[in-house]
Amino acid sequence: MKTPFNKFLYIGFLLLGLFQVFFSKDYMQATASLGIALAFDPFDQEQKWDERPMWQKTVLIIHLGLVAAMFRFDVGLNDK
């Protein structure tokens, strides 16, 4: 896939996840949407991980950490 198309998909799933968090209050669906957004790497996919700028690595790692935290938050809310 070409990078511009991936950017649109990444932003689309990101916005969908944020909508599900703030308006639908469906945290598990939001976690899934935000996790799927990571599959559409908005940066140059031809570039190896070691060659990427530090800010790109930071954005993706923070995004992954937030998805993991949201998953834990949702599991904690539904824990009985």
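These lines cover the structure that appears in this document, whether it is placed above or below.

### Considering the overall build of the protein chain
- When helices and strands are counted, the protein chain shows three helices and zero strands.
- Written out in order from the N terminus, the α and β elements of the protein chain read α-α-α.
- Expressed along its principal axes, the backbone C-alpha trace of the protein chain runs to roughly 45 × 25 × 15 Å.
- The burial tally for the protein chain puts 28% of its 80 residues in the buried class.
- Restricting the contact set of the protein chain to residue pairs at least 6 apart, pairs at least 24 apart contribute 53%.
- Accessible surface, the protein chain: about 5700 Å² in total, of which carbon and sulfur atoms supply 69%.
- With 8 positive and 8 negative side-chain charges, the protein chain shows a spacing of 3 Å between the two charge centroids.

### Focus: the packing of aromatic side chains
- Applying the stated criterion across every chain, the model contains four aromatic pairs.
- Consider the rings of F13 and F40, whose centres lie 5.7 Å apart with planes at 10°: the pair is stacked. Remark: F40 occurs in the loop between α2 (27-39) and α3 (54-77) and F13 occurs in helix α1 (residues 3-24); sequence separation between them is 27 residues.

### Quick look at the pattern of salt bridges
- Applying the stated rule across the entire model yields one salt bridge.
- Between D41 and R52 there is a salt bridge, with the nearest N and O atoms lying 2.6 Å from each other. Of this pair, D41 sits in the loop between α2 and α3 while R52 sits in the loop between α2 and α3, and the two are eleven residues apart along the sequence. The burial state of D41 is the same as that of R52; both residues are buried.

### Some remarks on the packing of α2 against α3
- Direction vectors running N to C along α2 and α3 enclose 160°, while the axes themselves pass 9 Å from each other. Here α3 runs roughly antiparallel to α2, going by the angle between their axes. Crossing handedness for the pair α2 and α3: left-handed. On α3, the residues that touch Y27, M28, A30, T31, L34, G35, A37 and L38 of α2 are L60, H63, L64, V67, M70, F71, F73, D74 and L77.
- Split by residue class, the contact of α2 with α3 holds 13 nonpolar, three polar and one charged.

Rules behind the numbers
Residues numbered from 1 in each chain as written. Predicted model: local features only at pLDDT ≥ 70, side-chain atom pairs only at ≥ 80, totals over all residues. Heavy atoms only, no water. Helix = DSSP H or I, 4+ residues; strand = E, 2+ residues; numbered from the N terminus. Buried < 20%, exposed > 50% of the residue type's maximum accessible area, 1.4 Å probe, protein only. Contact = heavy atoms within 4.5 Å. Areas by Shrake-Rupley, 256 points an atom, 1.4 Å probe, with all protein chains shown as cover. Lys, Arg positive; Asp, Glu negative; His and termini not counted. Charge placed at Lys NZ, Arg CZ, Asp CG, Glu CD. Phe/Tyr/Trp six-rings, centres within 6.5 Å; stacked < 30°, edge-to-face > 60°. Salt bridge = Lys/Arg side-chain N within 4 Å of Asp/Glu carboxyl O. Axes fitted to C-alpha atoms, helices over the stretch in contact; angles between N-to-C directions. Parallel < 35°, antiparallel > 145°, perpendicular 65-115°, else oblique. Left-handed = near helix turned anticlockwise from the far one by under 90°. Nonpolar A, V, L, I, M, F, W, Y, C, P; charged D, E, K, R; others polar.

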